[in-house]
Amino acid sequence: MDLQRTITESEQLEKIKTFLYPDAEKASVEIARQIASLIRVKQEEGRMAVLGLATGSSPIRVYAELCRLHKEEGLSFENVVTFNLDEYYPIKPEALQSYVRFMNEHLFDHIDIKKENIHIPDGTSERDEVFSYCRDYEEKIRANGGLDIQILGIGRTGHIGFNEPGSVKESRTRMITLDRLTRSDAAEDFFGDANVPRRAITMGVGTILEARKIIIMAWGDAKAPIVQKAVEGDVSEAVTASFLQEHANASFYLDTAASAELTRFRRPWLVGSCEWDDRLIRRAVVWLSHTINKPLLKLLDEDYTENGLGDLVTEHGPGYTLNIRIFNELQHTISGWPGGKPEADDSNRPERAQPFPKRVLVFSPEPASEVNGMGGTLRRLVEQGNEVHVVYMTSGNKMVSDGEATRFVQFLQGVNEAVGNDQDETNSFGGRALAALQEKRSRDVDSEEVLKIKALIREGESRASCQMCGLDLDRIRFLNLPFYETGRTRNLPLSEGDFKAIASVVSDIRPHQIFTAGDLQNPGSTRWMCFDGIMTALKSVSGEAWLKECRIWLYRGGWEEQEIDEIDMAVPVSPGELSRKAEAVYQHQSQKSSTASSSQVAKEFWSRSVEQNRHVAKKYDNLGLAEYEGIECFRLWRNPIVSE
């Protein structure tokens, strides 16, 4: 790859070099290759390679590849000095969430680097010594000749390191107060946002910009909006990653999902000529309608030409022909029969009429995912006579608050006492769970008993929620996939046990339809890994006849909205159905929060989900289509699974 490539016409709005890869794995291998090349060059010169390192999910694959290069190709790190970007404050190095532990587990324990060459900000420094500690940290970087390569991730606020919005370009290593969104994003790692430290020590923007080369990584669609702002927007303290635009040797490395909001992909007609396919035409016309706030059928030729779409009108116009075409396409996505309508002409319907009734398999990565994303559709599928199965892939026990678990254990003990079931309170299952909860510190891992209690709570909530949707409880399954059941916030890699469990359930049900979560925000997240597990499992059974007739529909949760031009099936939801969906979501009341009760958190979940459905319906209405109370939307997964 030519890393000094010339900017093309389509990239003209991008102010930082961007390198795109089909997935994070391939990008990470390339980044690791560049780091290894630097180390080897420095070895030949008899000099030290000075690396600035990051934590979080983004660099994990890079570190895995560096470890592989050490073990399999003899790459030595004896001439390497490292400086980490940041660390929470206060935090002990042995804490589960500490970056010292993260770096040891993912890199340092697996290579031959000298311990004295490792530098990570000290989260145990006395508060009145932090300022002088930070000055010493800067001096150590300078004494080692400065950073040769600095690798970075990017936060959803656009921060690099912990340089939150408002950090100035000249800032140096210092103590910083963490932004609310940053703390919220870290809440899962700390077993609840109440346990997330409010401060951190971080290299400054100025410190980072002095590195001779900067590589910034972003994976997953959750990062796409902030990547677009950092790469194409103005340099601003509001998005500290935008300061990299002023660095002579800074580059973004992106997977397909993280690059999706760049103009050359989202709105390519604004930066050059386009290869107009059906999807891009739909996107452009919908964008025009929303941009100038006109219904589809009222768009004029001059609306197209005055907004950068003259080429589209020339090749595929006139404008009114395009208006009618896209109006009809979007109208045909709307269906009140998500399982297909029997004995109906299905030529313009998103789902085929036959076979009917259908066997429907709904995968829920975590309890509540399915009702948040498709609660109204779920009920509709049942009421219309389809055989609907819901499979919960993980227990969701990580998200149950300790208070809810304590209340549940005390209830069980009360029941035992009421029925005269005498037990040794110390050695009974409930007694051990209660003792573990009472002795637990804020950042400790749950005991086996507590994890089981929390899983049972989620199972009970899931059954209640499914009943609200009219499901047969005999068609509900809990897989409790091994990758999730760690007791820790970070998941294990997917294993053969995960794939076999998923393959077994799909082969048993042999569905005509599969619905699963499609908001794949971050590689390594539970939803991402569950989707990967499903796809891998389906490939393993690709020879089974039923799979050739199976369609896979992707729903979005209550936090991520599908773009209108990407919707393949839009299921209208009536006011009554929205109300019942809210009640189903509300059954999941055990979720953690530091600032609200469990019932308040549940209310937030259903409120967000319902408002999202209303917002999608409003978008359809603004395009001039039928007006509904709410719409749940789905995308057809088009990647081939069945082997040739």
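It should be noted that the structure appears before, not after, this text.
Residues numbered from 1 in each chain as written. Predicted model: local features only at pLDDT ≥ 70, side-chain atom pairs only at ≥ 80, totals over all residues. Heavy atoms only, no water.

A few words now on the environment of S462. Along the chain, the position of S462 falls in helix α16 (residues 448-468). Note: C-alpha distance between S462 and H588 (126 residues apart in sequence) is 7.2 Å. The contact partners of S462, leaving out residues within four places of it in the chain, are P367, Y392, F478 and H588. At 2.8 Å, the side chain of S462 forms a polar contact with the backbone oxygen of R458. (Helix = DSSP H or I, 4+ residues; strand = E, 2+ residues; numbered from the N terminus. Contact = heavy atoms within 4.5 Å. Polar contact = N/O pair within 3.5 Å; in protein donor to acceptor, adjacent residues only side chain to side chain.)

Let's shift gears to the packing of helix α13 (residues 369-383) against helix α19 (residues 575-586). Contact geometry for α13 and α19: axes closest at 9 Å, N-to-C directions at 125°. As summarised for this structure, α13 and α19 are arranged oblique, according to the angle between their axes. At the point where α13 passes α19, the crossing takes the right-handed sense. Side by side, α13 and α19 meet where V371, N372, G373, M374, G375, G376, R379 and R380 of the first sit next to E577, R580, K581, A584 and V585 of the second. Taken together, the residues of the contact of α13 with α19 sort by class into 4 nonpolar, 4 polar and 5 charged. (Axes fitted to C-alpha atoms, helices over the stretch in contact; angles between N-to-C directions. Parallel < 35°, antiparallel > 145°, perpendicular 65-115°, else oblique. Left-handed = near helix turned anticlockwise from the far one by under 90°. Nonpolar A, V, L, I, M, F, W, Y, C, P; charged D, E, K, R; others polar.)

All right, on to helix α4 (residues 130-143) then. Given a rise of 1.5 Å per residue, 14 residues ought to cover 20 Å, and the 20 Å separating the end C-alpha atoms of α4 matches this to within 8%. All of the buried residues in α4 are V130, Y133, C134, Y137, E138 and I141. Down the axis of α4, the smallest arc covering the buried residues is 140°, so these residues share one side. Turned more than 90 degrees off the buried face of α4, the exposed positions are F131, R135 and A143. Contact partners of the buried residues in α4: β3 (80-84), β4 (86-89), β5 (118-119), β7 (174-177), β8 (199-202) and α6 (205-209). One or two residues past the end of α4 sits G145, with phi positive at roughly 90°. (Expected span 1.5 Å × (residues − 1). Buried < 20%, exposed > 50% of the residue type's maximum accessible area, 1.4 Å probe, protein only. Arc of directions from axis to C-beta.)

Let us look at the side chain of N84. Mapped onto the secondary structure, N84 falls in strand β3. Accessibility expressed as a relative area gives 0% for N84, which makes it buried. Ignoring sequence-local partners within four residues, the contact set of N84 consists of L53, A54, T55, M103, F108, H119, I120, P121, Y137 and M203.

Time to look at the pattern of salt bridges. Evaluation of the coordinates by the stated rule reveals 47 salt bridges. Its salt-bridge partner being D23, residue K26 comes within 3.3 Å of it at the nearest N-O pair. Exposure remark for K26: the relative accessible area of 47% places this residue in the partly exposed category. Accessibility expressed as a relative area gives 26% for D23, which makes it partly exposed. (Salt bridge = Lys/Arg side-chain N within 4 Å of Asp/Glu carboxyl O.)

Ranked by internal contacts, the top residues of the largest apolar core, which has 69 residues, are L66 and I151. Broken down by element, this core gets its largest block of residues, 8 residues, from helix α1 (residues 24-45). Counting residues in hydrophobic clusters, the runner-up holds 30 residues, among them W276, L288, V313 and L625. (Core = buried A, V, L, I, M, F, W, Y, C linked by side-chain atoms within 4.5 Å.)

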